[in-house]
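Architecture and fold: a report
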Amino acid sequence: LIIIFVLTMVLYIQFSFFRWDVLWSEAPTKVNSPQARQFSPCIKQINFPTNLIRLELNSSLLDYYTELDAVVLHGVRERPLLSLSTTMIAMDDLDDDEDEETDDGLDCLNKQFSATTFRKSTTNGYFDKLPYELIQLILSHLTVPDLCSLSQTCKLLYQHCCDPLQYIHLNLQPYWANINDTALEYLQPRCVLVQWLNLSWTGNRGTISVSAFSRFLKVCGSELLRLELSCGHFLNETCLEVIAETCQNLQELNLSSCDKLPPPAFNHIAKLYNLKRLILYRTKVEQTAMLSILNFCSELQHLSLGSCVMIEDYDTVASMMGAKCKKLRTLDLWRCKNITENGIAALASGCPLLEELDLGWCPTLQSSTGCFAKLARKLPNLQKLFLTANRSVCDSDIEELAANCINLRQLDILERNLFRLK
């Protein structure tokens, strides 16, 4: 192999549909002279025929662009020692109209092996010449319905469309009206590696049964890291029990607006010890279940309890957060009806990493108790603070926030005459 070039490179050769073998590689060196050079590296010997070689050029040390004048290849006439079933890609088939002069030795190898090889290979046209990973990358841009349609065209694309790697992230929310038991059963073999699953809005009016959902999770839930089930009105206690037993690696769970779930069902969430994000907005979770969750799920970083009206004493819940959830970063207590300055003090002392806090429409919080000033002093990492509709916020609270929360990017307050804007 003789190469005329002006920089170093990496030389690859393909010996199957899926793998490249490195024949030569070396770190680039600075060349002071701009003159072209001949370079003949000591390449690794191979024992299989090929007519596909890839050059990767490293031009990081060049002042201008890469200029490669010529590559000369020298083959041999002798037949290498290998199986006749070795896959070979004939790149000269890519353009029948282009006349190319090939080396006699390489042409001889092609004549010897092409007929035998392609008799044993599939007849998928140019798709046989593409790496498996490249086809997978192209198909990854398709939607789920498009993948299902494409899988019906030929065996090769069926294999690609059914590859579980296409369904690592599966978002079925846009197709909520068409998702039913049959759809879940159809997708089940493809989703054994799914890590991110969004079934929000699906299953209403009986289109998804508890048994079908449970079967799907038992097959596909072992690798789940994130599960979105907001507005899933078909969910019941059995569903949460299956989630707790099957999805042991789950880190994110969204049950917002699942208002049909009975209060005892939430006790099963405490078994998900790896949870980092939990959304229980507008659910019927009760205080006992919430305390159990906080006690066992100490890795929680994001928690939403907005409009959870069945929690009797938010001060107790806030105290448990301060004691157990030291990593908490975002907390939503929107429309919390009974939290007081005691709960705020426990949060501020126990959760110093808080970056986002929503206390909007919490009528029991009063600025006169010093709770907002204490928040500002104890939580220097705050970036977003929502005090919507709290008419007690005053100038001193704003001054404390300005002085202590230097990272604050968003502050939501209700303007009144008590503020003197400067």
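Here is what the cut-offs are and how they apply
Here the residue numbering is sequential within each chain, running from 1 through the sequence in written order. Thresholds applied to this predicted model are a pLDDT of at least 70 for local features of residues and 80 or more for the giving and counting of side-chain atom pairs; totals over whole chains, interfaces and linings are not thresholded and use all residues. As a rule here, side-chain values cover all heavy atoms of the structure and leave hydrogens and water aside. Here a strand is any run of E in DSSP of at least two residues, a helix any run of H or I of at least four, and the numbering for each starts at the N terminus. Three labels apply to residues, based on accessible area from a 1.4 Å probe with only protein chains included: buried if under 20% of the type maximum, exposed if over 50%, partly exposed otherwise in between. Contact criterion: two residues are considered in contact whenever any of their non-hydrogen atoms come within 4.5 Å of each other. The accessible surface values rely on the Shrake-Rupley method and a 1.4 Å probe; as for residues, cover is taken only from the protein chains in view. Known as pLDDT, the predictor's confidence for each residue is given on a scale from 0 to 100. Paired strands, as defined in this entry, are two strands with at least two bridges between them according to DSSP. Only C-alpha atoms enter the line fits that serve as axes; for helices the fit covers just the stretch in contact. Angles between N-to-C directions range over 0 to 180 degrees. When we speak of the arc, we mean the arc of directions from the helix axis to the C-beta atoms. Here a polar contact is recorded for every N or O atom pair within 3.5 Å, except that within protein the pair must consist of a potential hydrogen donor and a potential acceptor, and residues adjacent in sequence are included only if both atoms are side-chain atoms. As used here, the term nonpolar core means buried Ala, Val, Leu, Ile, Met, Phe, Trp, Tyr and Cys residues forming a set that is joined through side-chain atoms within 4.5 Å. By definition here, a salt bridge exists when the distance from a side-chain nitrogen of Lys or Arg to a carboxyl oxygen of Asp or Glu is within 4 Å. These descriptions rest on fixed angle ranges, namely under 35 degrees for roughly parallel, over 145 for roughly antiparallel, 65 to 115 for roughly perpendicular, and the rest for oblique. Under the scheme applied here, ten amino acids are nonpolar (Ala, Val, Leu, Ile, Met, Phe, Trp, Tyr, Cys and Pro), four are charged (Asp, Glu, Lys and Arg), and all others, including Gly, are polar. Candidates for patches are residues over 30% relative accessible area with no salt bridge; among them, like charges are joined within 9 Å and nonpolar side chains (Val, Leu, Ile, Met, Phe, Trp, Tyr) within 5 Å. Only rings of Phe, Tyr and Trp enter the pairing, Trp through its six-membered ring, and a pair is recorded when the two centres are within 6.5 Å. The plane angle decides the type: under 30 degrees is stacked, over 60 is edge-to-face, the rest tilted. Two thresholds decide whether a charge sits over a ring: the Lys NZ or Arg CZ must be within 6 Å of the ring centre and within 35 degrees of the ring normal.

This part is about the overall build of the protein chain. Assigned secondary structure in the protein chain consists of 12 helices and 16 strands. By the burial criterion, 41% of the 422 residues in the protein chain qualify as buried. Restricting to contacts in the protein chain with at least 6 residues of sequence separation, those with at least 24 account for 76%. Roughly 22,500 Å² of accessible area belongs to the protein chain as shown, and the carbon and sulfur atoms make up 52% of that amount.

This part takes up the confidence of the model for the protein chain. Detailed reading of predicted coordinates is not advised where the pLDDT is low. Here the protein chain shows a mean pLDDT of 83. Residues at 70 or above account for 81%. Of all helices and strands in the protein chain, the one with the weakest mean pLDDT is strand β1 (residues 2-5) (36), whereas strand β11 (residues 277-279) scores best (98). Here residues 80-103 scores under 50 on pLDDT; set against residues more than four positions off or in separate chains, the count is 43 contacts. Taken together, the stretch residues 115-121 has pLDDT below 50 and engages in eight contacts with residues farther than four places along the chain or on a different chain.

A few words on the side chain of serine 230. Turning to its location among the elements, serine 230 is positioned in the loop between β9 (226-228) and α7 (237-246). In this structure serine 230 touches Ser200, Trp201, Asn254, Ser256 and Cys258, once residues within four positions along its chain are discounted.

Through backbone hydrogen bonds, the strands of a sheet pair up, either in parallel or in antiparallel fashion. The sheet built from 10 strands is open, its strands ordered β7-β8-β9-β10-β11-β12-β13-β14-β15-β16 with parallel pairing. Sheet topology places β7 (169-171) and β16 (410-412) at the edges, where each strand pairs with a single neighbour. Direction aside, the axes of adjacent strands within the sheet are offset by 5° on average. As judged from the three bridges shared by β7 and strand β8 (residues 196-198), these two strands associate in the parallel manner. Considered in β8, the bridge of histidine 169 is made with tryptophan 196.

We now examine helix α9 (residues 314-324). Count 3.6 residues to each turn of an α-helix, and residues three or four apart come out pointing the same way. Within α9, the full set of buried residues consists of Tyr314, Asp315, Val317, Ala318, Met321 and Gly322. The buried residues of α9 occupy one face: seen down the axis, they fall within an arc of 160°. Where the residues of α9 are buried, they touch α8 (287-296), β12 (302-304), β13 (330-332) and α10 (341-350). Two or three places before aspartate 315, at the opening of α9, aspartate 313 has a side-chain oxygen 3.1 Å from that residue's backbone nitrogen.

By the element assignment, serine 367 lies in the loop between β14 (356-358) and α11 (371-378). Here the side chain of serine 367 touches aspartate 397 through a polar contact of 2.5 Å, side chain to side chain. Non-local contacts of serine 367, meaning those with residues more than four positions away in its chain, are made with Phe372, Ser392, Val393, Cys394 and Asp397.

The next thing to look at is the nonpolar core. In this structure, Leu255 and Leu305 are the most contacted members of the largest nonpolar core, which totals 86 residues. When sequence neighbours within four positions are dropped, the list of residues in contact with leucine 255 reads Leu229, Leu235, Leu240, Leu261, Phe266, Ile269, Ile279, Leu280, Tyr281 and Thr283.

The next thing to look at is the pattern of salt bridges. Considering all chains together, one arrives at 11 salt bridges under this definition. A salt bridge links arginine 226 to glutamate 252, with the nearest nitrogen and oxygen atoms 3.5 Å apart. In this pair, arginine 226 is assigned in strand β9 and glutamate 252 in strand β10 (residues 252-254), connecting sequence segments 26 residues apart. Since its relative accessible area comes to 24%, glutamate 252 is described here as partly exposed. Its salt-bridge partner being glutamate 400, residue arginine 377 comes within 3.1 Å of it at the nearest N-O pair. Taken as a pair, arginine 377 in helix α11 and glutamate 400 in helix α12 (residues 395-404) lie far apart in primary sequence, 23 residues in all. Among the charged side chains, a salt-bridge network with shared partners connects Arg226, Glu228, Glu252 and Arg277.

Axis separation between α8 and α9 bottoms out at 9 Å; the angle between their running directions is 5°. By the angle class used here, α8 and α9 are roughly parallel. Contacts between α8 and α9 involve Gln287, Met290, Leu291, Leu294 and Asn295 on the former and, on the latter, Thr316, Val317, Met320, Met321 and Lys324. Grouping the amino acids of the contact of α8 with α9 by side-chain chemistry returns six nonpolar, three polar and one charged.

Turning our eyes to something else, we now look at a nonpolar patch on the surface. On the surface, a nonpolar cluster with roughly 350 Å² of combined accessible area is contributed by Ile53, Leu57, Leu68, Val71 and Leu73. Of note, isoleucine 53 is situated in strand β5 (residues 53-57).

The next thing to look at is α8. Every buried residue of α8 is listed here: Gln287, Ala289, Met290, Ile293 and Leu294. The arc enclosing the buried residues of α8, seen along the axis, measures out at 160°, which places them on a common side. Contacts made by the buried residues of α8 are with β11, β12 and α9.

Here we come to the packing of aromatic side chains. If you walk through the whole model with that rule in mind, you get three aromatic pairs. Centroid distance tyrosine 273 to phenylalanine 296: 6.4 Å. Interplanar angle 55°. Geometry classified as tilted. Of this pair, tyrosine 273 sits in the loop between β10 and β11 while phenylalanine 296 sits in helix α8; the two residues are 23 residues apart in sequence, bridging distant segments of the chain. Looking at tyrosine 273, the relative accessible area reads 46%, which means it is partly exposed. Look at tyrosine 281 and tryptophan 334: their rings are 6.3 Å apart centre to centre, the planes differ by 40°, and that puts the pair in the tilted class. Of this pair, tyrosine 281 sits in the loop between β11 and α8 while tryptophan 334 is found in the loop between β13 and α10, placing the two residues 53 residues apart along the sequence. One residue, arginine 335, lies across the ring of tryptophan 361, its end atom 4.8 Å from the ring centre.

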